[in-house]
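The chain contents come next:
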Amino acid sequence: MRGRPHPQHSMLAIVDLEERVPKDHPLRRIKAVADAALERLSPEFDHMYASVGRASVPPERLLKASLLIALYSVRSERAFCEELEYNLLYRWFLDMDLMERSFDATVFTKNRPRLLAHDAGRALFDEVVWAADAEGLLSDEHFRVDGTLIEAAASLKSFRPKEGPPPPEDDDPGNPSVDFRGERRSNETHASTTDPEARLLRKGKGKEARLAFLGHALMENRNGLLMDFTVSPATGTAERDAVPELLDGVRERGYRPRTLGADRGYDTRDCVRDMRARQVTPHVAQKKQYSAIDGRTTRHAGYAVSLRIRKRVEEVFGWMKTVGGLRRTRYRGVARTGLAGYLVATAYNLVC
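Rules and cut-offs
Residues numbered from 1 in each chain as written. Predicted model: local features only at pLDDT ≥ 70, side-chain atom pairs only at ≥ 80, totals over all residues. Heavy atoms only, no water. Helix = DSSP H or I, 4+ residues; strand = E, 2+ residues; numbered from the N terminus. Expected span 1.5 Å × (residues − 1). Buried < 20%, exposed > 50% of the residue type's maximum accessible area, 1.4 Å probe, protein only. Phe/Tyr/Trp six-rings, centres within 6.5 Å; stacked < 30°, edge-to-face > 60°. Lys NZ or Arg CZ within 6 Å of the ring centre and 35° of its normal. Salt bridge = Lys/Arg side-chain N within 4 Å of Asp/Glu carboxyl O. Polar contact = N/O pair within 3.5 Å; in protein donor to acceptor, adjacent residues only side chain to side chain. Contact = heavy atoms within 4.5 Å. Core = buried A, V, L, I, M, F, W, Y, C linked by side-chain atoms within 4.5 Å. Axes fitted to C-alpha atoms, helices over the stretch in contact; angles between N-to-C directions. Parallel < 35°, antiparallel > 145°, perpendicular 65-115°, else oblique. Nonpolar A, V, L, I, M, F, W, Y, C, P; charged D, E, K, R; others polar.

### Re helix H4 (residues 59–71)
Link 1 in the chain: The first and last C-alpha atoms of H4 sit 18 Å apart over 13 residues, in line with the 18 Å expected at 1.5 Å per residue.
Link 2 in the chain: H4 sits mainly inside the fold: 12 of its 13 residues count as buried.

Okay, here's the thing in structure tokens:
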């Protein structure tokens, strides 16, 4: 028999969000790990806020909301706050009942300086990494490093001369046409008026130059989990310059890497020297000429294995850019983009 809609709606309804979420939903496991990590960070959150005054939106809720934005490819924080009004799964993940109203998107903006000052993004990332280590999911010996381009939230039209008159433009105030023809532009003479920390960089030969930052990932080889993720200004040597910082950071966390895989871009004498100085064997792909890697490294079978596994880091970048929304940053500056990078990297580890 055909069913027909009933214009009379229920006057009273009892909804249990716990029953609405399937028992085998993958977000249940993610929520358990995230809640445990945030519980361990609760003492640090106490230091972030004053002991008197109006209660804020819990920092745990803001960080978990950032994870949802990455996990479900939400295009913006404002769009997420709109969806939070009616999305039961989001409310369950954030421990909100049906009567509680969604918070305003400006809550993210007002609390971001506080999260940056206390390095909350890295703290949450570390807690998830240690949780994976407790379950035996990490390799303590073999790692992989690589860098990726993150487009800045600025257009090439904002790349103006630091000194002298700006290039001519038309009378359209919203989206003016700017003529750069014949003008030689570089990071030494020009800067973006939208994001001064963004730098013009061309990733490779035949590629167009873009205003961007560089993201640097350190991946362990056993399960492809991220051990660290940092963001730096985009320079020609930024990938190699990040290697000592990444290795020192993972050693501070209690890990002792023995090998580090990398592509040919890391095959320089200074970079190889930095690795060996930290007692790490550089499993770097060799250049055809003037390679800093010799037979001491390439003769071992583990070298070939590292070169094969190192490609998996591209899968990490693929997820972070397509699903996590990190192809183009929504934020200005290295620090804010770095915070977003840590949260997207945390979401990736939780998915894995």
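### Considerations on helix H14 (residues 334–351)
Link 1 in the chain: The terminal C-alpha atoms of H14 lie 25 Å apart, and with 18 residues this matches the ideal 26 Å at 1.5 Å per residue to within 8%.
Link 2 in the chain: Burial of H14 is extensive: 15 of the 18 residues sit out of reach of the surface.

### Describing the packing of aromatic side chains
Link 1 in the chain: Scanning the entire structure with this criterion turns up five aromatic pairs.
Link 2 in the chain: A ring pair is formed by Phe80 and Tyr90, whose centres lie 5.3 Å apart and whose planes are at 25°; its orientation type is stacked. One end of the pair, Phe80, is in helix H5 (residues 77–83); the other, Tyr90, is in helix H6 (residues 88–93), with 10 residues separating them in the sequence.
Link 3 in the chain: Phe80 gets classed as buried once you look at its relative accessible area, which sits at 0%.
Link 4 in the chain: Considering the side-chain rings of Phe125 and Tyr342, the 5.5 Å spacing of their centres and the 55° angle between planes classify their relative orientation as tilted. One end of the pair, Phe125, is in helix H8 (residues 120–134); the other, Tyr342, is in helix H14, with 217 residues separating them in the sequence.
Link 5 in the chain: In textbook terms, an aromatic cluster arises when at least three aromatic residues are bridged by ring pairs, as seen for Tyr72, Phe80 and Tyr90.
Link 6 in the chain: Here the basic side chain of Lys31 rests over the ring of Trp92, its NZ or CZ set 5.5 Å away from the ring centre.
Link 7 in the chain: The aromatic ring of Phe93 is capped on one face by Lys64, whose charged end is 5.2 Å from the ring centroid.

### Here's the deal with the pattern of salt bridges
Link 1 in the chain: Scanning the entire structure with this criterion turns up 22 salt bridges.
Link 2 in the chain: For Arg258, the salt bridge is made with Glu141, and the minimal N-O distance between the two is 3.5 Å. Here the residue Arg258 occupies a position in the loop between helix H9 (238–252) and strand S7 (259–262), and Glu141 occupies one in the loop between H8 and strand S1 (142–151), the gap between them amounting to 117 residues.
Link 3 in the chain: Judged by its relative accessible area of 48%, Arg258 falls in the partly exposed class.
Link 4 in the chain: Of the residues examined, Glu141 reaches a relative accessible area of 33% and is grouped as partly exposed.
Link 5 in the chain: Three or more residues are tied together by salt bridges with common partners; here these are Lys31, Asp35, Lys64 and Asp95.

### A closer look at the side chain of Thr268
Link 1 in the chain: Mapped onto the elements, Thr268 comes out in the loop between S7 and helix H10 (269–277).
Link 2 in the chain: Separated by 3.3 Å, the side chain of Thr268 and the backbone nitrogen of Cys271 make a polar contact.
Link 3 in the chain: Other than its neighbours up to four places away in sequence, Thr268 contacts Arg240, Lys287 and Ala292.

### Considering the nonpolar core
Nonpolar side chains tend to gather and get buried jointly when the protein is soluble and globular.
Link 1 in the chain: Counting residues in hydrophobic clusters, the biggest one holds 92 residues, and the most contacted among them are Phe80, Phe103, Leu226, Phe229, Leu260 and Met320.
Link 2 in the chain: Of all the elements, H14 adds the most residues to this core, at nine residues.
Link 3 in the chain: Not counting chain neighbours up to four residues away, the residues in contact with Leu226 comprise Phe125, Val129, Ala217, Leu218, Met219, Val316, Met320, Ala345, Tyr348 and Asn349.
Link 4 in the chain: By size, the runner-up hydrophobic cluster in this structure holds six residues, among which are Leu149, Ala212, Ala234 and Ala238.

### Observations regarding the side chain of Thr148
Link 1 in the chain: Among the secondary structure elements, Thr148 is positioned in strand S1.
Link 2 in the chain: At 2.7 Å, the side chain of Thr148 and the side chain of Lys321 are in polar contact.
Link 3 in the chain: Not counting chain neighbours up to four residues away, the residues in contact with Thr148 comprise Lys203, Phe213, Leu214, Gly215, Glu239, Phe317 and Lys321.

### Examining the packing of H4 against H14
Link 1 in the chain: For the pair H4 and H14, the least separation of the axes is 9 Å and the interaxial angle reads 70°. Accordingly, the angle class assigned to the pair H4 and H14 is roughly perpendicular. Between H4 and H14, the residues in contact are Leu63, Ser66, Leu67, Ala70 and Leu71 and Leu343, Val344, Thr346, Ala347, Leu350 and Val351, respectively.
Link 2 in the chain: Among the residues forming the contact of H4 with H14, the class breakdown is nine nonpolar, two polar and no charged.

### Looking at the environment of Leu201
Link 1 in the chain: You can see Leu201 is positioned in strand S4 (residues 199–201).
Link 2 in the chain: On the accessibility criterion, Leu201 (14% relative accessible area) is buried.
Link 3 in the chain: Residues Leu201 and Asp263, 62 residues apart in the sequence, show an inter-C-alpha distance of 19 Å.
Link 4 in the chain: When sequence neighbours within four positions are dropped, the list of residues in contact with Leu201 reads Leu149, Glu208, Ala209, Arg210, Leu214, Ala234, Thr235 and Gly236.

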